[in-house]
Amino acid sequence: MATGCGQLYLCLVITLRWWSLECSNYNTPLMATKDGDIIIGGLFPVHESVNFTDGVDGRPSRRICSRFNAARMLQALMLIEAVETINRSPLLGNLTLGYRIVDSCSDVTTAVSVTHRFLDVNWTVCQHVWNTTDWNEPHFLRPVDVIIGGYHSEISIAVARQLSIRQIPQISYGSTTGLLSDKSRFPAFMRTVPEDKYQAQTIVDILVNHGWDWVGLVTTDGDYGRYAAQRFRERAKEKGICMAFSTVLPDILDDSDLKLRINETITSIEKDDRIQVIVSFAKPDHMMYIMRALTPNATGRIWLASDNWATSAPRVLQNSTLKDIGTVIGVTLKSATSASFNSYLDSLNPNWTAHENNTILQYYLQRLWDRKLDLGEQLKKNVYPYAIFSVGMAVKAIASAVEDLCTRRDCRGEHFEPWMLRKALRNASFKWEPNGRQYRFDKLGDLNTGYDLILWKQNGEHVDTHNIIASYSIQSSELSFINGGEAQITTLVGNINSSCSRSCLPGERKFLQKDKDVCCFECEDCTKDMFSNDTNMVECLACADNYWSNPGSQECQKKVKEVFDWNEAFAIVLMSFAVLGIVLTLVVLVLFLARWATPMVRASVGPVSLLLLISLLGTFTSTVLFVGEPNNLQCQARQVLFGISFTLCVSCILVKSLKILLAFQIDPSVKLILNKLFQPYLIIAICVAVQVAICTVWLIKSPPTSESEDKENGKVLLLCQEGEDKDFLYFGLMLAYIGLLSLIGFVIAFKGRKLPDCYNEAKFITFGLLIYFICWVVFGPIYAHTEAGKFQPAVEMIVILFSAYGILGTLFLPKCYIILFKKDSNTREAFLKCMRDHHCQMSQDTPISLTSSPDFEDQPFNSMHNSSSQASLVPRESSDGCLSPVTSFPTAQLTPDAPPPAPVTEAPRDLMPINRKKRNLVRCNTFH
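Remember, predicted model here, so these are calculated numbers, not experimental data. (Residues numbered from 1 in each chain as written. Predicted model: local features only at pLDDT ≥ 70, side-chain atom pairs only at ≥ 80, totals over all residues. Heavy atoms only, no water.)

1. Some remarks on the state of the cysteines
- Applying the stated criterion across every chain yields a total of seven disulfides.
- With its sulfur 1.7 Å from that of its partner, Cys 65 forms a disulfide with Cys 105. Taking the torsion about the S-S bond as the criterion, the Cys 65 to Cys 105 disulfide, at about 85 degrees, is right-handed. With Cys 65 in strand S4 (residues 62-68) and Cys 105 in the loop between strand S5 (97-103) and helix H3 (108-119), the pair connects residues that are 40 residues apart, well separated along the chain. With respect to burial, Cys 65 and Cys 105 carry one shared label: buried.
- The partner cysteine of Cys 543 in its disulfide is Cys 556, sulfur to sulfur 1.8 Å. Because the torsion about its S-S bond is -80 degrees, the bridge between Cys 543 and Cys 556 counts as left-handed. A residue pair is termed long-range when its members are at least 10 positions apart, and Cys 543 in the loop between strand S26 (541-542) and strand S27 (547-548) and Cys 556 in the loop between S27 and strand S28 (557-558) qualify at 13 residues.
- Exposure remark for Cys 556: the relative accessible area of 18% places this residue in the buried category.
- Here Cys 687 stays free of any disulfide, with the sulfur of Cys 652 as its closest cysteine sulfur at 9.5 Å. (Disulfide = S-S within 2.5 Å. Helix = DSSP H or I, 4+ residues; strand = E, 2+ residues; numbered from the N terminus. Buried < 20%, exposed > 50% of the residue type's maximum accessible area, 1.4 Å probe, protein only.)

Dropping the structure here:
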């Protein structure tokens, strides 16, 4: 017994000495306690700061809590009300929740000390109630099972490190720093509020919505302030928002640098009137000092308040009004209805002695309550609606986790380990009755409930911080205005501009200057074919393929196609000529077929003429492809069709020229040999084949393509390029080849220009090819040096029509005139008379060789008729003494129906050539 008493005495001495040391260094905190099966610890910053007094004899300085905050006291009462509500409900059966709430004094050291006592099995609490000595005895209480708190992130971080040792779960109702989402460092930490990155995003969205991109930033040098400012800068940079200045205030209020930093902040606001918006993550006391220091030139700004001070208007403003500082828009945590809590406040007993287990409320009732006012009504003025939700959700989560955990065990007889409750909390799903929604912690232990946006409103001498104007959803990242909030905020800040540069208008773009913030820019017009349809666009947008714009345009206009179209008057005229040419060619073709057996058609070498007419049809038809919107097939077809058809035309003319030359101009001694070598259809085929080869290589190597070329005023020229990269080589080869054949035909035809009129196509061929040369000689320079335009195809079209009409008019229309209107000239007799007249003329103009030629005197008509398949006109002496041509016409050649020549009387052999010439001249004269 003595031994037991001695041990008990020793323990008491040690305990009292520890208690004495603790109580001598740390002023006894205010508390509220209630016993239960599950004990919830609470850390609430009822006091806003701690005062230090220097110790003696080297002892640590004494800490005394100061500046009691009624709003924070109400948050502790919210926990009590929520616990009592759960205990009255059947949720936990015969289990009850208890609490042990302690004032952290907004101080990390005090909070750590209290947490140490929470964890100690035999912890001693020094409780001291003013004007009483009833609670000076130590109380031996067991550890807590879970902690709700703290509110400030710095306190929660310090406490979470302690609680992680024993895996005791911690639920914060206000700590928002993202550092606490690191589960490797804070595995037991959870919270009923979203982390600060979402708050930073909310503030950035507000800035973006109003076009504010030149703002100031104020923050406190603490875990919360540094993290929130960092996230805000990251989000702001993504949206092109710049910091005009950034001030970090010392966390400790009596720091010598605090005043200097505040003065620097005021100076920054004063010297730049472009700064109309300041974002602040500072603490309420720091903002109080800033508002006090505002000068007239620094007032009237918009303050975007974080949840750190958004609801602390009385503390921040003190004796000032909103008129003295400007507009305050605050971001607060999600709010809930306060009806149930208001009823609890109304039921509070105003007698402080009725709250012996709640020294926090006792302190208020003894020292701060204005007894002239109703207790409930006075307290309601300090209620933060968001705290009702955050604290209430924390208690709901604990109750749901305990329910899940204790359904499988007797929690009274067999108490659970802390880690078990932590696991149950992470898996728990709990319902908030006012809105009927189910909630649960995410994988990081966060409850992403969203934010409310409040607008401070002056009501007489007081400022209303419960004026919710919008709600921000984290899931959808959308800001939704409520309660007419959009109209309210537009009225106050709708015309305020906080930008380093003026907004670039539609049609302009931002031009960033070197070594300057991206928000400080110049505005320059969008260039041609670019546009901007919004303000402050960094880059102008390119118009679509078929659209264009002038410099400085807000939109693009559809390009006007410029093409030699069917509805053009000039195109209609040219097409009319082309159609007329096709019709005339068909008429001539039909006429020739109808008069196929007449001498005129036979003399025109009928089959070759038919080929020539068909080639002219192709030539006229090719001009149709030069009209309308071009495509690749059309561009290729028109040149190939023209090239091959006109080559066939010129080849037929060449054959006709050669045929006439062989018939009239070749020396009879070699004529028989040349007649055998002359194969007209083979010549035509070879000439055309060469052109086909040129066109084939052209289509393979560098085919014509349709292209568009931009012109002025949004016009786009649609045209055909006659080769890749404007390569005119093969186009030139095609035309040069046609020109070569034409030149050969022209030379041959020119040599036969003095033949009989009835047979003389050489004159017309010469004249037709001369028209062709003139057209194409003029065309070449014009086509090569003329700027591309919609009428460029018309140039080639005109040249083709002139060439085709020239050949059609010179080679066929005279013959058609004779066939239709001078039928007496289209007879056998007329052709013979024409030949005799021509020979007589030749006899007068051309000296006759003194040497007799056997071809002229001895060759019989029948042998001449059968000697060649071509026309042969051989001078013979006629019965009247005049030299008459002896004619041989094969079938389907010059004049197949010509009558046999008159009987030929041989001249006396003793007649000298000179005398024969004289006689012939006399006889020709007599004939005429």
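2. Digging into the packing of aromatic side chains
- For the coordinates displayed, the defined rule picks out 24 aromatic pairs.
- Ring geometry for Trp 309 against Trp 456: centres 5.7 Å apart, planes inclined by 85 degrees, an arrangement best described as edge-to-face. Placement of Trp 309 in the loop between strand S14 (301-305) and helix H9 (313-317) and of Trp 456 in the loop between strand S18 (451-455) and strand S19 (457-459) is noted, with a sequence separation of 147 residues between them.
- The exposure class of Trp 309 is buried, given its relative accessible area of 0%.
- Measuring from ring centre to ring centre gives 6.2 Å for Phe 564 and Phe 570, while their planes differ by 70 degrees; the resulting arrangement is edge-to-face.
- When its relative accessible area of 33% is taken as the criterion, Phe 570 is described as partly exposed.
- An aromatic cluster of three or more residues is present, and its members are Phe 642, Phe 646, Phe 746, Tyr 772, Phe 773 and Trp 776.
- Taking the ring centre of Tyr 151 as reference, the NZ or CZ of Arg 72 above it sits at 4.1 Å. (Phe/Tyr/Trp six-rings, centres within 6.5 Å; stacked < 30°, edge-to-face > 60°. Lys NZ or Arg CZ within 6 Å of the ring centre and 35° of its normal.)

3. Examining the layout of surface pockets
- Estimates place the volume of the second largest pocket at around 1000 Å³.
- Residue lining of the second largest pocket: 31 residues in total, with Pro 314, Arg 315, Lys 381, Asn 382 and His 462 positioned closest to the centre.
- Of all the secondary structure elements, the ones that give two or more residues to the lining of the second largest pocket are S4, helix H2 (70-88), H9, S19 and strand S20 (462-464).
- Sorting elements by how many residues they give to the lining of the second largest pocket places H9 first, with four residues.
- Residue composition of the lining of the second largest pocket, grouped by class: eleven nonpolar, 14 polar and six charged. (1 Å grid on protein atoms, 1.4 Å probe; cavity = no way out; pocket = protein on both sides within 12 Å on 5 of 7 lines; lining within 4 Å. Points joined across faces, edges and corners; volume = space filled by probe spheres on them. Nonpolar A, V, L, I, M, F, W, Y, C, P; charged D, E, K, R; others polar.)

4. Description of helix H22 (residues 680-701)
- Taking 1.5 Å per residue as the helical rise, H22 with its 22 residues ought to reach 32 Å, and the 32 Å between its terminal C-alpha atoms agrees with that figure.
- Restricting attention to buried positions, one finds in H22 the residues Pro 680, Ile 684, Cys 687, Val 688, Gln 691, Ile 694, Cys 695 and Trp 698. The buried residues of H22 occupy one face: seen down the axis, they fall within an arc of 110 degrees. Seen from the buried face of H22, the exposed residues on the opposite side, beyond 90 degrees, are Leu 682, Ile 700 and Lys 701. (Expected span 1.5 Å × (residues − 1). Arc of directions from axis to C-beta.)

5. Section: the pairing of strand S30 (residues 705-710)
- Looking at chain direction, S30 and strand S31 (residues 715-721) are connected through six bridges and run antiparallel. Bridging across to S31, Ser 708 finds its partner in Leu 718.
- Two successive antiparallel strands, S30 and S31, enclose a turn made up of four residues, where Asn 713 displays a positive phi of approximately 60 degrees. (Pairing = 2+ DSSP bridges.)

6. A few points about empty space enclosed by the protein
- On inspection of all chains with the given rule, the structure shows seven cavities of 30 Å³ or more.
- The volume enclosed by the largest cavity comes to roughly 90 Å³.
- Every residue lining the largest cavity is counted, 13 residues in all, and those nearest its centre are His 152, Ser 153, Glu 154, Tyr 224 and Asn 308.
- Within the residue set of the lining of the largest cavity, elements represented by two or more residues are helix H4 (153-166) and helix H6 (223-238).
- Grouping the amino acids of the lining of the largest cavity by side-chain chemistry returns two nonpolar, eight polar and three charged.

7. Looking at the packing of helix H5 (residues 196-210) against H6
- Interhelical geometry of H5 versus H6 gives an angle of 45 degrees and a closest axis separation of 8 Å. Between H5 and H6, the crossing angle belongs to the class labelled oblique. Taken as a pair, H5 and H6 cross one another with a handedness that is right-handed. Of the residues in H6, those in contact with Asp 196, Lys 197, Gln 199, Ala 200, Gln 201, Ile 203, Val 204 and Leu 207 of H5 are Tyr 224, Tyr 227, Ala 228, Arg 231, Phe 232, Arg 235 and Ala 236.
- Broken down by class, the residue content of the contact of H5 with H6 amounts to nine nonpolar, two polar and four charged. (Axes fitted to C-alpha atoms, helices over the stretch in contact; angles between N-to-C directions. Parallel < 35°, antiparallel > 145°, perpendicular 65-115°, else oblique. Left-handed = near helix turned anticlockwise from the far one by under 90°. Contact = heavy atoms within 4.5 Å.)

8. Quick word on the nonpolar core
- In terms of nonpolar packing, the biggest core is built from 106 residues, with Met 73, Leu 77, Leu 79 and Phe 232 touching the most fellow members.
- Ignoring anything within four residues of it in the chain, the contact list for Met 73 reads Val 46, Phe 68, Ile 360, Leu 361, Tyr 364 and Leu 379. (Core = buried A, V, L, I, M, F, W, Y, C linked by side-chain atoms within 4.5 Å.)

9. What about the sheet that holds S31?
- If you walk across this open sheet you meet the three strands as S29-S31-S30, and the pairing is mixed. Either end of the sheet is taken by a strand with one partner, and the two such strands are strand S29 (560-562) and S30. For this sheet, the mean inter-axis angle between neighbouring strands, taken without regard to orientation, is 30 degrees.

10. Concerning the side chain of Ser 312
- Along the chain, the position of Ser 312 falls in the loop between S14 and H9.
- Ser 312 gets classed as buried once you look at its relative accessible area, which sits at 6%.
- Ignoring anything within four residues of it in the chain, the contact list for Ser 312 reads Pro 284, Tyr 384 and Trp 456.

11. Re the pattern of salt bridges
- Evaluated as defined, the whole model comprises 20 salt bridges.
- A salt bridge links Arg 315 to Asp 285; the shortest N-O distance between them is 2.7 Å. Taken together, the residues span a long stretch of sequence, with Arg 315 in helix H9 and Asp 285 in helix H8 (residues 284-293) at a distance of 30 residues.
- Salt bridges sharing partners connect three or more residues here, namely Glu 48, Arg 67, Asp 285 and Arg 315. (Salt bridge = Lys/Arg side-chain N within 4 Å of Asp/Glu carboxyl O.)

12. Re the sheet that holds strand S21 (residues 468-473)
- Taken in spatial order, the eight strands make up an open sheet running S12-S11-S13-S14-S15-S18-S21-S22, and their pairing is mixed. This sheet does not close on itself; its edge strands, each paired only once, are strand S12 (242-249) and strand S22 (478-481). Neighbour-to-neighbour, the strand axes of this sheet turn through a mean angle of 20 degrees, independent of strand direction.

13. Considerations on the environment of Arg 426
- Counting through the fold element by element, Arg 426 comes out in helix H15 (residues 418-427).
- Residue classification places Arg 426 among the buried positions, given a relative accessible area of 18%.
- Taking the C-alpha atoms as reference, Arg 426 lies 9.1 Å from Ala 397; in sequence the two are 29 residues apart.
- Once residues lying within four places of it in the same chain are set aside, the contact partners of Arg 426 are Lys 183, Pro 187, Met 190, Arg 440, Phe 441, Asp 442, Lys 443, Leu 444 and Gly 445.
- Of note is the side chain of Arg 426, whose polar atom sits 2.5 Å from the backbone oxygen of Lys 443. (Polar contact = N/O pair within 3.5 Å; in protein donor to acceptor, adjacent residues only side chain to side chain.)

14. Quick notes on unusual backbone geometry
- In the segment running from Gly 149 into Gly 150, the intervening peptide bond is cis, with an omega of -10 degrees.
- Considering the arrangement of structural elements, one finds Gly 150 in the loop between strand S8 (146-148) and H4.
- We note that Asn 483 has phi near 55 degrees; this positive angle belongs to a residue other than glycine.
- Relative to the helices and strands, Asn 483 resides in the loop between S22 and helix H16 (485-493).

15. Observations concerning the confidence of the model for the chain
- Of all residues in the chain, 79% have pLDDT values of 70 or greater, and the mean over the chain is 79.
- Within the model, pLDDT remains below 50 along residues 1-24, and this stretch shows 13 contacts once partners closer than five positions in the same chain are excluded.
- Across residues 121-140, confidence stays below pLDDT 50; counting only partners more than four residues off in sequence or on other chains, it has 49 contacts. (pLDDT = per-residue confidence, 0-100.)

16. Focus: the environment of Arg 233
- Along the chain, Arg 233 falls in helix H6.
- C-alpha separation for the pair Arg 233 and Gln 201, spaced 32 residues apart in sequence, amounts to 10.0 Å.
- In this structure, Arg 233 is in contact with Leu 217 and Ser 246, ignoring residues within four places of it in sequence.

17. A look at the packing of helix H7 (residues 256-271) against H8
- For the pair H7 and H8, interaxial distance at closest approach is 10 Å and the crossing angle is 55 degrees. On the basis of the axis angle, H7 is oblique to H8. Judged by the sense of rotation from one axis to the other, the crossing of H7 with H8 is right-handed. Contacts between H7 and H8 involve Leu 258, Ile 262 and Ile 266 on the former and, on the latter, His 286, Tyr 289, Ile 290 and Ala 293.
- In terms of residue class, the contact of H7 with H8 is built from six nonpolar, one polar and no charged.

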